[in-house]
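# Structural overview
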Amino acid sequence: MLALKLILAFALPLISALKFDIQAHPGSESSKQERCIRNFVAKDQLVVVTATVSGKRGDGQILNMHIKDAVGNDYHRPRDIAGEARYAFTSHADSAFDVCFENILTHQAVSDRTRSIELDIDIGADAKDWSAIQAGEKLKPVEAELRRISESAKEVVDEMDYLRSREMRLRDTNESTNERVKWFAIGTMGMLVALGVWQVVYLRAYFRSKHLI
């Protein structure tokens with residue numbers, strides 16, 4: 001039963017995309033006005049971003065798109081998009097990446113100052129065109145589906161390995177930090193004890209020199 005649930009989890013594709021509206025703002029481009037959707041991708045994975053945008057070019061609004069990751073790589077930066085736009089890239093690092101949109105108002109007389117966006121992000125095995133692979137390699141539908149499930153399972157295993165290695169690094173860092181804190185505490189305690197002993201010796205010598213003891 002568990003195996004069947006796992007197979008269904010891999011076999012059932014995502015049937016819905018993220019839908020939202022973005023308000024147009026007057027003025028020039030500004031990163032502060034961007035609306036971003038963040039996801040995570042492993043290194044060398046294929047990513048396909050599909051955005052379906054309402055409106056049309058020249059309607060008083062300019063919708064710009066920017067795909068970038070958290071380590072400074074820019075993958076795509078199309079401008080004035082409308083209708084369906086699809087962009088693919090292969091990630092350069094294990095990192096989060098952002099798909100950002102900015103809607104700029106170019107004519108004040110526009111009544112509807114919003115654009116509707118339907119965003120779909122496919123990563124890894126889901127990003128591949130399995131129909132083309134099936135036709136190119138002359139695979140049966142079942143063989144193509146099993147291959148897709150196999151690649152999805154491998155991605156899950158790779159992700160678990162990455163999380164495990166990351167957890168080990170964090171654990172090593174935590175243990176190293178705890179070790180340093182322990183020795184710092186021991187050193188601090190030793191200094192306090194030494195300071196206390198010195199104070200006692202100094203005060204005894206002082207009182208003796210004054211003939212108070």
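Because the structure is a prediction, the values reported are computed rather than measured. (Residues numbered from 1 in each chain as written. Predicted model: local features only at pLDDT ≥ 70, side-chain atom pairs only at ≥ 80, totals over all residues. Heavy atoms only, no water.)

What the chain contains, in helices and strands, is three helices and nine strands. Each helix and strand of the chain, ordered N terminal to C terminal, gives the series α-β-β-β-β-β-β-β-β-β-α-α. For 213 residues, the compact-globule estimate of 2.2 N^0.38 gives 17 Å, and the chain exceeds it by more than 25% at 30 Å. If you line up the chain on its principal axes, its C-alpha atoms span 100 × 60 × 30 Å. By the burial criterion, 27% of the 213 residues in the chain qualify as buried. Taking the intrachain contacts of the chain between residues at least 6 apart in sequence as the baseline, contacts between residues at least 24 apart amount to 75%. Element-wise, carbon and sulfur atoms account for 59% of the exposed surface of the chain, whose accessible area totals about 14,600 Å². Charged side chains in the chain number 29 positive and 30 negative. The centres of these two groups are separated by 9 Å. (Helix = DSSP H or I, 4+ residues; strand = E, 2+ residues; numbered from the N terminus. Rg over C-alpha atoms; globule rule 2.2 N^0.38 Å. Buried < 20%, exposed > 50% of the residue type's maximum accessible area, 1.4 Å probe, protein only. Contact = heavy atoms within 4.5 Å. Areas by Shrake-Rupley, 256 points an atom, 1.4 Å probe, with all protein chains shown as cover. Lys, Arg positive; Asp, Glu negative; His and termini not counted. Charge placed at Lys NZ, Arg CZ, Asp CG, Glu CD.)

To continue, consider the environment of Ala 125. Mapped onto the fold, Ala 125 is located in the loop between strand E9 (114–123) and helix H2 (130–137). According to the relative accessible area criterion, Ala 125 is buried, its value standing at 0%. A sequence separation of 29 residues divides Ala 125 from Lys 154, and the C-alpha atoms of the two residues are 9.5 Å apart. Residues in contact with Ala 125, not counting those within four places in the same chain, are Trp 130, Arg 148, Glu 151, Ser 152 and Glu 155.

The subject of this paragraph is the packing of H2 against helix H3 (residues 141–209). Running from amino to carboxyl end, H2 crosses H3 at an angle of 125°, the nearest separation of the two axes being 10 Å. Taken together, H2 and H3 sit at an angle that is classed as oblique. By crossing handedness, the relation of H2 to H3 is classed as right-handed. Judged by residue contacts, Trp 130, Ile 133, Gln 134 and Glu 137 of H2 engage Pro 141, Ala 144, Arg 147, Arg 148 and Glu 151 from H3. Tallied by class, residues from the contact of H2 with H3 come to four nonpolar, one polar and four charged. (Axes fitted to C-alpha atoms, helices over the stretch in contact; angles between N-to-C directions. Parallel < 35°, antiparallel > 145°, perpendicular 65-115°, else oblique. Left-handed = near helix turned anticlockwise from the far one by under 90°. Nonpolar A, V, L, I, M, F, W, Y, C, P; charged D, E, K, R; others polar.)

Across the sheet, which stays open at both edges, the four strands sit in the order E1-E9-E4-E7 with antiparallel pairing between neighbours. Strands at the two margins of the open sheet, each flanked by one partner only, are strand E1 (18–23) and strand E7 (83–90). Adjacent strand axes in the sheet meet at a mean angle of 25°, parallel and antiparallel pairs treated alike. Where strand E4 (residues 46–53) meets E7, eight bridges bridge the pair, whose relative direction is antiparallel. Bridging across to E7, Val 47 finds its partner in Phe 89. (Pairing = 2+ DSSP bridges.)

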